[in-house]
Amino acid sequence: DAKTTQPNSMESNEEEPVHLPCNHSTISGTDYIHWYRQLPSQGPEYVIHGLTSNVNNRMASLAIAEDRKSSTLILHRATLRDAAVYYCILRVANFGNEKLTFGTGTRLTIIP
Amino acid sequence: DAGITQSPRHKVTETGTPVTLRCHQTENHRYMYWYRQDPGHGLRLIHYSYGVKDTDKGEVSDGYSVSRSKTEDFLLTLESATSSQTSVYFCAITTRAGETGELFFGEGSRLTVL
């Protein structure tokens, strides 16, 4: 499975945008880029995913580099509730069988 | 809410005893997964199921077995628990197949093996 590299931790001020980077230099053409986050004492939750184009949803935006070797999760206005571990994951398109491989993620701290 | 419940949520047991964790879903989804989470390792896939009586191994399946006799229940069994199996166990389901394929996770089961 292709691997991803993320910083271990990041800090951001409340109400400011946050850019969480992810490198995936060995990504293949059929790998989707997924992001999950895990709040304290909870299971991971889906945030966003994309293949080639930038994506937006109610939680975040995903910016994908043109060569697809890196991506950035953007939280437009961080709140204290966004403090979590964020995981960048590559998923091989396989109908219904989502064997995602989680790394150790980026621990995001929000400073009030 | 994808209707996933895990039981028990917390368990303390002794080395060598059998342990079964249960994952129950209410929405009739085909795919179910068991992960474990340990400090420094993120989440690692133990076993998964793609239908009743259809299961397969994940990345860290040694020492674990699973069963799925009904769509709604996916059981994870430690036949003889060891201290290395102390972990938080998460069940997950896929609510939609295909491109999106997002996973929904349960709240976790914390297992301590003394």
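Residues numbered from 1 in each chain as written. Chains lettered and ligands numbered in written order. Predicted model: local features only at pLDDT ≥ 70, side-chain atom pairs only at ≥ 80, totals over all residues. Heavy atoms only, no water.

A separate point is the overall build of chain B. Helix and strand counts for chain B stand at zero helices and eleven strands. Secondary structure elements in chain B, listed N-terminal to C-terminal, are β-β-β-β-β-β-β-β-β-β-β. Dimensions of chain B along its principal axes, counting C-alpha atoms only, are 40 × 30 × 25 Å. Looking at chain B as a whole, 52% of its 114 residues are labelled buried. Long-range contacts, defined as pairs at least 24 residues apart, comprise 53% of the intrachain contacts of chain B with a sequence gap of at least 6. Surface summary for chain B: the accessible area is close to 5300 Å², and the carbon and sulfur share equals 46%. Charge-centre separation for chain B: the mean point of 12 positive side chains lies 3 Å from the mean point of 14 negative side chains. (Helix = DSSP H or I, 4+ residues; strand = E, 2+ residues; numbered from the N terminus. Buried < 20%, exposed > 50% of the residue type's maximum accessible area, 1.4 Å probe, protein only. Contact = heavy atoms within 4.5 Å. Areas by Shrake-Rupley, 256 points an atom, 1.4 Å probe, with all protein chains shown as cover. Lys, Arg positive; Asp, Glu negative; His and termini not counted. Charge placed at Lys NZ, Arg CZ, Asp CG, Glu CD.)

Turning to the packing of aromatic side chains, a few remarks are in order. Residue and element names in this part refer to chain A. This model, assessed by the stated rule, comprises ten aromatic pairs over all chains. Taking the centre distance of 5.8 Å and the plane angle of 75° together, the rings of Tyr36 and Tyr46 count as edge-to-face. Of the two residues, Tyr36 is situated in strand S3 (residues 31-38) and Tyr46 in strand S4 (residues 45-50); the sequence distance between them amounts to ten residues. For Tyr46, a relative accessible area of 17% corresponds to the buried category. (Phe/Tyr/Trp six-rings, centres within 6.5 Å; stacked < 30°, edge-to-face > 60°.)

Another point: the pattern of salt bridges. According to the stated counting rule, one finds eight salt bridges over all chains in the structure shown. The salt bridge involving Arg77(A) is made with Glu15(A); its shortest N-O contact spans 3.5 Å. With Arg77(A) in the loop between strand S7 (70-75) and strand S8 (84-92) and Glu15(A) in the loop between strand S1 (9-13) and strand S2 (18-23), the pair connects residues that are 62 residues apart, well separated along the chain. As far as the burial class goes, Arg77(A) and Glu15(A) line up, both exposed. The salt bridge partner of Asp38(B) is Arg36(B), with a shortest N-O separation of 2.8 Å. Judged by its relative accessible area of 8%, Arg36(B) is buried. Within the structure, one salt-bridge network assembled from shared partners comprises Arg37(A), Glu45(A) and Asp82(A). (Salt bridge = Lys/Arg side-chain N within 4 Å of Asp/Glu carboxyl O.)

Residues and elements named next belong to chain A. The strand order S1-S9-S8-S3-S4 describes an open sheet built from five strands, whose pairing is mixed. Every other strand in the sheet has two partners, leaving S1 and S4 as the edge strands with one partner each. The sheet shows a mean angle of 25° between the axes of neighbouring strands, taken without regard to direction. Pairing of S3 with S8, which is carried by eight bridges, proceeds in the antiparallel orientation. Paired with Tyr36 across the bridge in S8 is Tyr87. (Pairing = 2+ DSSP bridges. Axes fitted to C-alpha atoms, helices over the stretch in contact; angles between N-to-C directions.)

The subject of this paragraph is the sheet that holds strand S5 (residues 55-56) of chain A. Residue and element names in this part refer to chain A. One open sheet accounts for four strands, arranged S2-S7-S6-S5; its pairing is antiparallel. The open sheet is flanked by S2 and S5, the only strands paired with a single partner. Pairing analysis gives two bridges linking S5 to strand S6 (residues 61-64), with the strands arranged antiparallel. Bridging from a neighbouring strand, Val55 pairs with Leu62 of S6.

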